[in-house]
Amino acid sequence: MAKDSFLVGLIGSGIGPSLSPALHEREADRQGLRYLYRLIDIDTLGVPAQAVGDLVRAARDLGFDGLNITHPCKQLVIEHLDGLDAQAEALGAVNTVVFEDGRAVGHNTDVTGFAASFARGLPDAPLERVVQLGAGGAGAAVAHATLTLGAGAVTVVDALPDRAADLAGALNRHFGVGRATAATPDRLPALIGRADGIVHATPTGMAAHPGLPFPAEVLHPGLWVAEVVYRPLETELLRTARAVGCATLDGGGMAVFQAADAFRLFTGREPDCGRMLADIAELAGAAESSAGTVV
């Protein structure tokens, strides 16, 4: 008999506003499943990110079916798992843990989530020269996705030069020498001037980090701009880019497709991504309205 009851959760810092519980539970309800999605916020618990191993073990002992993992635990969790799928191993980051037969296996659905969103939202975008701003956990995932989609070369820009260099090195080892380079933020205007598109993977644009990640005047109409931030769905960067004439992609698609892939891993059921895309538009809009501002 097919399993129809699931207990999952999310481990991370400051995750109270997350839309993941509603995204997962709404889709499960439509499929007739009993599905509880719990937030395990290390800030609320008063424990450091290094406690992620203890939290994973506790969840497994309590009968959870799986966990999502977010900042700042995506790399730290790896040493506490029994195995990794190929994508998580290549990336060195995990955002989904599945408990099965007593084992905890790590996956990464951020990569597939961004790739699916990009293919849907910017299907004909040129990919010869891509500039990516941000080399953190989300940045590593979307850079892998962009190169998997066929990008010729990705230039990774980060305020921490060593982090950008480390990511570029990892990308070259996985995809081939010359596919990725690192650069410092002062080179952004020149890089964007020659680029086909920009992937933005920093927190700038979220409620706690308002504004633009770089001066508006470096944008030009031939660019496409893809955003990772999804609360709000329309960041200042996307508004500015559209006004200039750029093609744009909001972060909602990545949030939905990574959640759909995690839902499939947890349940073995096929989610309806169309319904989940409608959900995130409604949920993000409701969150902004209730706050009276962007969140």
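Fair warning: this is a prediction, and the values are worked out from it, not measured in the lab.

**Focus: the overall build of the protein chain**
Thought 1: When helices and strands are counted, the protein chain shows eleven helices and twelve strands.
Thought 2: Taking 295 residues into account, the globule formula puts the C-alpha radius of gyration at 19 Å, and the protein chain, at 19 Å, falls close to it.
Thought 3: With the C-alpha coordinates of the protein chain rotated into their principal frame, the extents come out at 55 × 40 × 35 Å.
Thought 4: For the protein chain, buried positions account for 51% of its 295 residues.
Thought 5: Put simply, of all contacts in the protein chain between residues at least 6 apart along the chain, 68% involve residues at least 24 apart.
Thought 6: Summed over all atoms, the accessible surface of the protein chain reaches about 12600 Å², with 53% contributed by carbon and sulfur.
Thought 7: Each charge sign in the protein chain was given a centre, from 22 positive and 34 negative side chains, and these centres are 2 Å apart.

**Quick notes on the environment of aspartate 65**
Thought 1: Locating aspartate 65 in the fold gives a position in the loop between helix 3 (52-61) and strand 3 (66-69).
Thought 2: The class of aspartate 65 is buried, set by a relative accessible area of 14%.
Thought 3: Sequence-wise, aspartate 65 and phenylalanine 266 are 201 residues apart; in three dimensions their C-alpha atoms are separated by 6.5 Å.
Thought 4: At a separation of 3.3 Å, a polar atom in the side chain of aspartate 65 contacts the side chain of lysine 3.

**Notes on the pattern of salt bridges**
Note that side chains of opposite charge can pair when their charged atoms are close.
Thought 1: One pass over the structure, following the stated rule, counts 16 salt bridges.
Thought 2: The residue arginine 26 makes a salt bridge to aspartate 279 at a minimum N-O spacing of 3.2 Å. Of this pair, arginine 26 sits in helix 1 (residues 20-30) while aspartate 279 sits in helix 11 (residues 273-291), and the two are 253 residues apart along the sequence.
Thought 3: A relative accessible area of 5% means that aspartate 279 is categorised as buried.
Thought 4: With a closest N to O distance of 3.2 Å, arginine 26 and glutamate 282 form a salt bridge. You can see arginine 26 sitting in helix 1 and its partner glutamate 282 sitting in helix 11, a full 256 residues away along the chain.
Thought 5: By relative accessible area, which is 27% here, arginine 26 ends up partly exposed.
Thought 6: Under the relative-accessibility criterion, glutamate 282 is labelled partly exposed at 48%.
Thought 7: What emerges from the salt-bridge pattern is a single network uniting Arg26, Glu27, Arg30, Asp272, Arg275, Asp279 and Glu282.

**Side note on the sheet that holds strand 2 (residues 34-41)**
Either a parallel or an antiparallel arrangement is found when strands of a sheet pair, and the pairing is made through backbone hydrogen bonds.
Thought 1: What the six strands build is an open sheet, ordered 2-1-3-5-6-4; its pairing is mixed. On the outer flanks of this sheet lie strand 2 and strand 4 (83-84), each paired with one strand and no other.
Thought 2: Sheet topology note: the strand 1 (residues 5-12)/strand 2 ladder contains eight bridges and is parallel. The residue of strand 2 that forms the bridge with valine 8 is tyrosine 37.
Thought 3: Against the sheet, helix 10 (residues 252-267) makes contact with strand 1, strand 2, strand 3, strand 5 (96-100) and strand 6 (103-107), and its axis sits at roughly 10° relative to strand 5, the strand it touches most.

**With respect to the confidence of the model for the protein chain**
Thought 1: For the protein chain, mean pLDDT is 94; residues scoring 70 or higher make up 97% of the total.
Thought 2: When the criterion is pLDDT under 50, residues 291-295 qualifies, and its contacts beyond four places in sequence or with other chains add up to nine contacts.

**Description of the packing of helix 6 (residues 137-148) against helix 7 (residues 161-175)**
Thought 1: Where helix 6 meets helix 7, the closest approach of the two axes is 11 Å, and the angle between their N-to-C directions is 35°. Seen along the crossing, helix 6 lies across helix 7 with a hand that is right-handed. Residues Gly139, Ala140, Ala143, His144, Leu147 and Thr148 of helix 6 lie in contact with helix 7, whose contacting residues are Leu167, Leu171, His174 and Phe175.
Thought 2: Across the contact of helix 6 with helix 7, the residue classes tally to six nonpolar, four polar and no charged.

**Some thoughts on the packing of aromatic side chains**
Thought 1: If you walk through the whole model with that rule in mind, you get four aromatic pairs.
Thought 2: Their ring planes at 25° and their centres at 5.5 Å tell us that tyrosine 35 and phenylalanine 263 sit as a pair that is stacked. Of this pair, tyrosine 35 sits in strand 2 while phenylalanine 263 is found in helix 10, placing the two residues 228 residues apart along the sequence. By the burial criterion, tyrosine 35 is buried, and phenylalanine 263 matches it.
Thought 3: Note on phenylalanine 118 and tryptophan 224: the rings are 4.9 Å apart at their centroids and 75° apart in plane angle, and the pair reads as edge-to-face. Of this pair, phenylalanine 118 sits in helix 5 (residues 109-121) while tryptophan 224 is found in strand 11 (residues 224-227), placing the two residues 106 residues apart along the sequence.
Thought 4: Using a relative accessible area of 2% as the deciding quantity, one classes tryptophan 224 as buried.

Criteria and thresholds
- Here the residue numbering is sequential within each chain, running from 1 through the sequence in written order.
- In view of the model being predicted, local features appear only for residues whose pLDDT reaches at least 70, and side-chain atom pairs are presented and counted only at 80 or more, with totals across whole chains, interfaces and linings using the full set of residues.
- Side-chain numbers come from the whole structure's heavy atoms, not from hydrogens or water.
- Secondary structure elements are taken from DSSP: a helix is a run of H or I of four residues or more, a strand is a run of E of two residues or more, and numbering for both begins at the N terminus.
- With the radius of gyration taken over C-alpha atoms, the globule rule is written as 2.2 Å times the number of residues to the power 0.38.
- Exposure classes here rest on a 1.4 Å probe applied to the protein chains alone. A residue is buried below 20% of its type maximum, exposed above 50%, and partly exposed in between.
- Every residue pair with non-hydrogen atoms within 4.5 Å of one another is taken to be in contact.
- We get accessible surface area from the Shrake-Rupley algorithm with a probe of 1.4 Å; when it comes to residues, only the shown protein chains can shield them.
- By the counting rule applied here, Lys and Arg register as positive and Asp and Glu as negative, while His and the ends of each chain are not counted.
- Just so you know, the charge point we use is NZ for Lys, CZ for Arg, CG for Asp and CD for Glu.
- Polar contacts, as counted here, are pairs of nitrogen or oxygen atoms within 3.5 Å of one another; within protein the pair requires one atom able to donate a hydrogen and one able to accept it, and residues that are adjacent in sequence qualify only if both atoms are side-chain atoms.
- Here, a salt bridge means any Lys or Arg side-chain nitrogen found within 4 Å of an Asp or Glu carboxyl oxygen.
- Any two strands are treated as partners once DSSP identifies two or more bridges connecting them.
- Axis definition: a line fitted to C-alpha atoms, limited for helices to the stretch in contact. Angles are taken between N-to-C directions and run from 0 to 180 degrees.
- Along the chain, pLDDT gives the predictor's confidence residue by residue, from 0 to 100.
- The hand of a helix crossing depends on one turn: near helix anticlockwise from the far one by less than a right angle means left-handed, and clockwise means right-handed.
- Each residue is assigned to one class: nonpolar for Ala, Val, Leu, Ile, Met, Phe, Trp, Tyr, Cys and Pro, charged for Asp, Glu, Lys and Arg, and polar for all the others, Gly among them.
- Pairs were defined over the aromatic rings of Phe, Tyr and Trp, the Trp ring being its six-membered one, requiring ring centres within 6.5 Å. Orientation was assigned from the angle between planes: stacked under 30 degrees, edge-to-face over 60, tilted for the rest.

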